Amino acid sequence: MNLKGRSFITLKDYTPEEIAYLLDLSADLKAKKKQGITGSSLKGKNIALIFEKPSTRTRCSFVVAAVDEGAHPEYLGKDDIQLGHKESVEDTARVLGRIFDGIEFRGFKHKTVEDLAKYAGVPVWNGLTDDDHPTQILADLLTMKEHFGYLKGLHFVYAGDGRNNMANSLMIGMSKMGVHFTILAPKSLWPEEELVELCQGYAKESGSTITITEDCAAAKDGDVIYTDVWCSMGEEDKAAERIAILKPYQVNQELMKQTGKDTTIFMHCLPAVKGYEVTEDVFESGASVVFDEAENRMHTIKAVMVATLGE
Ligand code: CP
Ligand code: NVA
């Protein structure tokens with residue numbers, strides 16, 4: 001599989017075979033790191049890390065993954081560069097593309113990461129936008145594969161804000177990989193119809209299904225219950241409204257029991273606001289694999305950089 005020179009903006013651009021390849025590469029790099037073996041596949045490469053929004057996992061994963069493979073990462077925070085203030089995205093992309101070998105972007109508008117990829121001339125990796133968070137999905141899929149041993153046919157239930165970047169990108173990733181995908185959310189927070197239709201096409205190809213409902217009884221058979229914050233970065237002013245409409249979709253012991261399985265795991269991209277989208281007892285329970293997911297951010301981000309930029 002040759003992914004050299006490719007950007008990683010959304011999983012829409014990647015086939016199920018390419019996603020499976022990235023997961024296998026992640027597992028391989030993870031196993032090597034556990035044995036104390038790191039590589040040199042990014043030796044001599046310089047990597048720009050642009051962050052308009054804060055980050056713990058994504059930033060640290062890019063830095064450690066880059067250093068593990070011999071690259072130099074340079075953090076560019078929102079007040080450090082001219083992007084979008086004094087200089088157009090197109091111009092910044094062309095400048096950074098002359099200086100760096102790869103660019104990570106986390107920020108608001110999805111169009112910014114698309115434009116960076118269009119004009120930079122080097123691979124651009126999406127570290128989260130308002131619409132999509134594709135590197136998180138690789139970590140989630142790797143965690144599920146490690147836990148269950150397979151992906152195809154698993155039942156995945158997402159409860160909460162059904163139209164944020166996590167719901168969108170989980171729907172893309174799960175439908176591509178043959179995982180049955182359910183969103184439990186109030187109608188006002190359902191994903192855009194156009195994206196649902198696109199994912200329904202992926203689901204048809206992979207033999208999975210997509211269900212979007214207000215009824216928490218649809219958690220039945222769930223192998224995974226997943227949630228995310230009720231207010232994403234940049235939406236802090238919506239807190240009161242979201243708490244009011246999302247309370248019935250909190251992941252608590254009652255919702256975990258709705259699956260009818262005692263093997264159901266709890267997942268969350270983190271950071272979590274305990275007491276809101278998830279109760280403390282579920283978060284801390286034996287069913288919770290959230291720190292495996294967090295660790296897997298690093299191994300999967302490393303795989304993306306190695307596959308698209310590595311020697
Ligand atoms: N899950 C995730 O992207 O975490 P950070 O915001 O800490 O990067
Ligand atoms: N939906 C969240 C995800 C954080 C990883 C946000 O955008 O803030």
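Right above here is the structure, for reference.
Residues numbered from 1 in each chain as written. Chains lettered and ligands numbered in written order. Predicted model: local features only at pLDDT ≥ 70, side-chain atom pairs only at ≥ 80, totals over all residues. Heavy atoms only, no water.

Counting buried residues along strand 3 (residues 102-106), 5 of its 5 residues qualify, which places the element largely inside the surrounding structure. Here strand 3 shows two buried faces, one formed by Gly102, Glu104 and Arg106 and the other by Ile103 and Phe105. Note: strand 1 (residues 46-51) against strand 3, 5 bridges, orientation parallel. Residue pairing for strand 3: Ile50 is matched across the bridge by Phe105. In this structure, strand 3 lies alongside strand 4 (residues 124-126), joined through 3 bridges in parallel fashion. The partner of Ile103 across the bridge, within strand 4, is Val124. In this region the chain leaves strand 3, passes through helix 4 (residues 110-120) and returns to the parallel neighbour strand 4; the handedness of that crossover is right-handed. (Buried < 20%, exposed > 50% of the residue type's maximum accessible area, 1.4 Å probe, protein only. Helix = DSSP H or I, 4+ residues; strand = E, 2+ residues; numbered from the N terminus. Pairing = 2+ DSSP bridges. Right-handed = clockwise from strand over helix to strand, strands pointing away.)

Considered for burial, the residues of helix 4 that qualify are His110, Thr112, Val113, Asp115, Leu116 and Ala120. Turning to helix 4, the residues buried within the fold contact strand 1, helix 3 (89-99), strand 3 and strand 4. Phi for Gly121, located one or two positions after helix 4, is positive at around 80 degrees. (Contact = heavy atoms within 4.5 Å.)

The next thing to look at is the site of ligand 1. Around ligand 1, the surrounding shell consists of Ser55, Thr56, Arg57, Thr58, Arg106, His133, Gln136, Cys269, Leu270 and Arg297. At 2.7 Å from an oxygen atom of ligand 1 is found a main-chain nitrogen or oxygen belonging to Thr56. Thr58 is positioned such that a nitrogen or oxygen atom in its side chain is 2.7 Å from an oxygen atom of ligand 1. If ligand 1 stood free it would expose 250 Å²; the protein chains cover 96% of that surface. Along the lines of polarity and charge, the residues of the shell around ligand 1 split into 2 nonpolar, 5 polar and 3 charged. (Near = heavy atom within 4 Å. Polar contact = N/O pair within 3.5 Å; in protein donor to acceptor, adjacent residues only side chain to side chain. Areas by Shrake-Rupley, 256 points an atom, 1.4 Å probe, with all protein chains shown as cover. Nonpolar A, V, L, I, M, F, W, Y, C, P; charged D, E, K, R; others polar.)

Next up on the list: the sheet that holds strand 6 (residues 180-184). Read across the sheet, 5 strands follow the order 7-6-5-8-9 without closing on themselves; strand pairing throughout is parallel. Looking along the sheet, the strands with just one partner apiece sit at the ends: strand 7 (210-213) and strand 9 (265-268). Direction aside, the axes of adjacent strands within the sheet are offset by 20 degrees on average. One ladder, built from 5 bridges, connects strand 5 (residues 155-159) with strand 6; its direction is parallel. Counted as the bridge partner of Tyr158 is Ile183 from strand 6. Where helix 5 (residues 134-148) meets the sheet, it contacts strand 5, strand 8 (224-227) and strand 9, and its direction lies at approximately 165 degrees from that of strand 9. (Axes fitted to C-alpha atoms, helices over the stretch in contact; angles between N-to-C directions.)

The next thing to look at is the packing of helix 6 (residues 165-176) against helix 7 (residues 193-206). For any two helices packed against each other, one specifies the inter-axial angle together with the distance between the axes. Where helix 6 contacts helix 7, the axes come no closer than 7 Å and their chain directions differ by 20 degrees. One way to sum up the angle between helix 6 and helix 7 is to call them roughly parallel. Along the contact surface, helix 6 presents Asn168, Met171, Ile172, Ser175 and Lys176, while helix 7 presents Leu195, Val196, Cys199, Tyr202, Ala203 and Ser206. Class assignment for the residues of the contact of helix 6 with helix 7 results in 7 nonpolar, 3 polar and 1 charged. (Parallel < 35°, antiparallel > 145°, perpendicular 65-115°, else oblique.)

Honestly, it's all geometry; don't read function into it.
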